[in-house]
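Coordinate analysis (summary)
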Amino acid sequence: MNEINIIVAGPRGRMGREAVNLVKETPHFRLTAVVDRINNGKLLSDMEGFSGLDVPIYTDIHECFREVEADVLIDLTTPDLGFLHTKSALENGVRPVVGTTGFTPEQLEELKELAERKSLGCIIAPNFAVGAVLMMKFAQTAAKYFEDVEIIEMHHDQKLDAPSGTAVKTAEMIGVNREPKAQGHENEKETISGARGAEVDGMRIHSVRLPGLVAHQQVIFGSNGQTLTIRHDSYNRASFMSGVKVSVETVLQLTTLVYGLESIID
Ligand SMILES: NC(=O)C1=CN([C@@H]2O[C@H](COP(=O)(O)OP(=O)(O)OC[C@H]3O[C@@H](n4cnc5c(N)ncnc54)[C@H](OP(=O)(O)O)[C@@H]3O)[C@@H](O)[C@H]2O)C=CC1
Ligand SMILES: O=C(O)C1=N[C@H](C(=O)O)C[C@H](O)C1
């Protein structure tokens, strides 16, 4: 297999650290630089926990793309920054693999247009864990048979976006097989604001944030006399890395933007 040159944005983050480790441990992956908010001009190996990784740190991603050879950018940062990074990568002929969540539909559309104009692959995956992708696919199938559904996503308390990217994507996939429908009693009234969660086409999404959690979601369907619960748990961030690896390998073959891993692991 040909060597793939990779830049990682957000290397000190919970996911970024795992991604750097994945690149380091994969024989045909080569880390060429990292993009970080601090330590511009230093080497990654100067930072604690990155010994042996003598690659430059850039704060300005444009400068990074000008100076460093790269096939793929892995972005694991924040919604605003991830969008700018993805755009800049495509403008510089680098294929993005993006795990960062919280992009708006308009941002996704803009990136898709850019990827197609440049004929470049781009993968934006709200969840890289295979089990989570299956949970979403199973929920999409279940929606053919159940029209009432609520999503409960549970994450660590340092998460910035709510609902999670996975919950938003799950609702979108369920929406393929479910007509919009107001759920619950027609006279239902929240006596404490937010009690019924966020609403998408009448479905409800509830976001739990607690220390001790990593990333968990259950999708509960209900109909007369029965419920069906589909649940996925990520207990650590290594659970996401096989999805990152396959995305890096696949993005090189694509000429458009793919949103979600379900279409590339079929
Ligand atoms: N697709 C998937 O499977 C998964 C996606 N995620 C998503 O990945 C993203 C990262 O998650 P996680 O690793 O937990 O978050 P962290 O907060 O641990 O990491 C984010 C990193 O981005 C850096 N950062 C923040 N602002 C800037 C900036 N202006 N310039 C450069 N770097 C910046 C942070 O640096 P600093 O600490 O200095 O602020 C930090 O190193 C989130 O959007 C999350 O939802 C998470 C898990 C799985
Ligand atoms: O921030 C996280 O941790 C996670 N974010 C992603 C999301 O928003 O769905 C994926 C996973 O749930 C972990």
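See the structure above.
Read on for an overview of the structure.

Calculation rules
- Residues numbered from 1 in each chain as written.
- Chains lettered and ligands numbered in written order.
- Predicted model: local features only at pLDDT ≥ 70, side-chain atom pairs only at ≥ 80, totals over all residues.
- Heavy atoms only, no water.
- Near = heavy atom within 4 Å.
- Areas by Shrake-Rupley, 256 points an atom, 1.4 Å probe, with all protein chains shown as cover.
- Nonpolar A, V, L, I, M, F, W, Y, C, P; charged D, E, K, R; others polar.
- Pairing = 2+ DSSP bridges.
- Helix = DSSP H or I, 4+ residues; strand = E, 2+ residues; numbered from the N terminus.
- Contact = heavy atoms within 4.5 Å.
- Axes fitted to C-alpha atoms, helices over the stretch in contact; angles between N-to-C directions.
- Polar contact = N/O pair within 3.5 Å; in protein donor to acceptor, adjacent residues only side chain to side chain.
- Core = buried A, V, L, I, M, F, W, Y, C linked by side-chain atoms within 4.5 Å.
- Buried < 20%, exposed > 50% of the residue type's maximum accessible area, 1.4 Å probe, protein only.

1. Side note on the site of ligand 1
Taken together, 20 residues sit near ligand 1, with Arg12, Met15, Arg37, Thr101 and Phe128 positioned nearest. In isolation ligand 1 offers 920 Å² of accessible surface; the protein chains occlude 79% of this area. Taken together, the residues of the shell around ligand 1 sort by class into seven nonpolar, seven polar and six charged.

2. Quick word on the sheet that holds strand S5 (residues 95–98)
Hydrogen bonding along the main chain pairs the strands of a sheet, whether they run parallel or antiparallel. With respect to topology, seven strands assemble into an open sheet ordered S3-S2-S1-S4-S5-S6-S12, the strand pairing being parallel. Of all strands in the sheet, those with a lone pairing partner are strand S3 (57–58) and strand S12 (257–259), marking the two edges. Examined bridge by bridge, strand S1 (residues 4–9) and strand S4 (residues 72–75) share four bridges and lie parallel to one another. From the neighbouring strand, isoleucine 7 faces S4, where its bridge partner is leucine 73. Most of the contacts of helix H4 (residues 105–118) go to S12, to which it runs at about 150°, and overall it touches strand S6 (122–124) and S12.

3. A word on the sheet that holds strand S8 (residues 198–200)
Judged by pairing direction, the sheet is mixed, and its five strands sit side by side in the order S8-S9-S7-S10-S11 without closing on themselves. A single partner strand is all that each edge strand has here, and the edge strands are S8 and strand S11 (226–234). Between one strand axis and the next, the sheet turns through 20° on average, direction left out of account. Sheet topology note: the strand S7 (residues 148–155)/strand S9 (residues 203–209) ladder contains six bridges and is parallel. For isoleucine 151, the partnering residue across the bridge sits in S9 and is isoleucine 205.

4. Some points on unusual backbone geometry
Trans peptide bonds make up most of the peptide bonds, and negative phi angles are found at most residues other than glycine. Here the bond from alanine 162 into proline 163 is cis, since omega is -5°, no more than 30 degrees from zero. When you line up the elements, proline 163 lands in the loop between S7 and helix H6 (165–176). With phi around 70°, asparagine 39 is a residue other than glycine that occupies positive phi space. Relative to the helices and strands, asparagine 39 is located in the loop between strand S2 (29–35) and S3. The residue serine 119 is not glycine, and still its phi comes out positive at about 55°. Mapped onto the elements, serine 119 comes out in the loop between H4 and S6.

5. Details of the site of ligand 2
In the neighbourhood of ligand 2, the contacting residues comprise Thr101, Pro126, Asn127, His155, His156, Lys159, Asp161, Ser164, Gly165, Thr166, Ala215 and Phe240. In this structure, an oxygen atom belonging to ligand 2 sits 2.9 Å away from a side-chain N or O atom of histidine 156. Separating an oxygen atom of ligand 2 from a side-chain N or O atom of lysine 159 is a distance of 2.7 Å. In the complex, 85% of the free accessible area of ligand 2, which totals 320 Å², lies under the protein chains. Of the residues assigned to the shell around ligand 2, the class counts are three nonpolar, seven polar and two charged.

6. A word on the nonpolar core
One finds Leu44, Ile74 and Phe221 to be the most contacted residues of the largest nonpolar core, which totals 55 residues. Of the residues forming this core, the biggest block, six residues, is contributed by helix H5 (residues 130–142). In this structure phenylalanine 221 touches Ala139, Ala142, Ala143, Phe146, Asp148, Val149, Ile174, Gln226, Thr227, Leu228 and Ile230, once residues within four positions along its chain are discounted. Core analysis: the next-biggest nonpolar cluster, separate from the first, contains 13 residues, Ala9, Val35, Tyr58 and Val94 among them.

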